Amino acid sequence: MDRELLWRILDSQCKEEDERQLVRLMIKLHKESDIIVGDQHINAEIGLPQGSILSPVLFNVYLEEAIKSSKKLDHVRARGDLLAFADDMLVMTNAKGELVEIIKELDLLQHKWNLRLNKKKCEILTREPV
């Protein structure tokens, strides 16, 4: 996930100065976050901190914009067949062809949005063999 893009998304949604101040505070906190491995401190520049109370909300804001950038994904979401919370997603469809289309659209999010579909963690549940 691209943090700079997230900050731009949040800033564009601000209507008042106090909202912008809150976004600036989040940026500051994330820029100062370190990953500690043993005695090494590494500045975290990508993604969101695991375990942070804000991370799922921030990721959902980012994911929502990414999904809206695809007509197909936005349509599936609008009809209630694409549900997401943080990095978990449920996609429902009755058509194999549409499922293939949705997977292709999700793959396309990698380039602009730096989001990758982990196909090893995906499951397809169906009454019929796929």
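What you see is a predicted model; the values in this text were computed from it and never measured.

*Asks:* How should I be thinking about a nonpolar patch on the surface in this particular structure?
*Replies:* Together, Leu-22, Leu-25 and Leu-29 make up an exposed nonpolar region whose accessible area comes to about 290 Å². Locating Leu-22 in the fold gives a position in helix α2 (residues 17–31).

*Asks:* Explain the nonpolar core to me, please; I cannot follow it from the model alone.
*Replies:* In globular proteins that are soluble, nonpolar side chains generally tend to be buried together. Membership of the largest hydrophobic core comes to 25 residues, with the highest contact counts inside it found for Leu-6, Leu-10, Tyr-62, Leu-73, Leu-109, Trp-113 and Leu-115. Among the secondary structure elements, those contributing two or more residues to this core are α1 (3–13), α2, α3 (55–68), α4 (71–78) and α5 (96–113). Top contributing element to this core by residue count: α3, with six residues. In contact with Leu-109, other than residues within four places in its own chain, are Ala-66, Ser-69, Leu-73, Asn-114 and Leu-115.

*Asks:* Is there a simple way to explain the packing of α1 against α3 in this structure?
*Replies:* Helix-helix packing is characterised by the crossing angle of the two axes and by the distance between the axes. Look at α1 against α3: their axes get within 10 Å of each other, and the N-to-C directions meet at 85 degrees. Between α1 and α3, the interaxial angle falls into the category roughly perpendicular. Residue-level contacts link Leu-5, Leu-6, Ile-9, Leu-10 and Gln-13 of α1 to Leu-58, Val-61, Tyr-62 and Glu-65 of α3. Of the residues that constitute the contact of α1 with α3, the class distribution is seven nonpolar, one polar and one charged.

Calculation notes
Residues numbered from 1 in each chain as written. Predicted model: local features only at pLDDT ≥ 70, side-chain atom pairs only at ≥ 80, totals over all residues. Heavy atoms only, no water. Patch = residues over 30% accessible without salt bridge, like charges linked within 9 Å, V, L, I, M, F, W, Y side chains within 5 Å. Areas by Shrake-Rupley, 256 points an atom, 1.4 Å probe, with all protein chains shown as cover. Salt bridge = Lys/Arg side-chain N within 4 Å of Asp/Glu carboxyl O. Helix = DSSP H or I, 4+ residues; strand = E, 2+ residues; numbered from the N terminus. Core = buried A, V, L, I, M, F, W, Y, C linked by side-chain atoms within 4.5 Å. Buried < 20%, exposed > 50% of the residue type's maximum accessible area, 1.4 Å probe, protein only. Contact = heavy atoms within 4.5 Å. Axes fitted to C-alpha atoms, helices over the stretch in contact; angles between N-to-C directions. Parallel < 35°, antiparallel > 145°, perpendicular 65-115°, else oblique. Nonpolar A, V, L, I, M, F, W, Y, C, P; charged D, E, K, R; others polar.

By themselves, these observations are geometric and do not establish any function.
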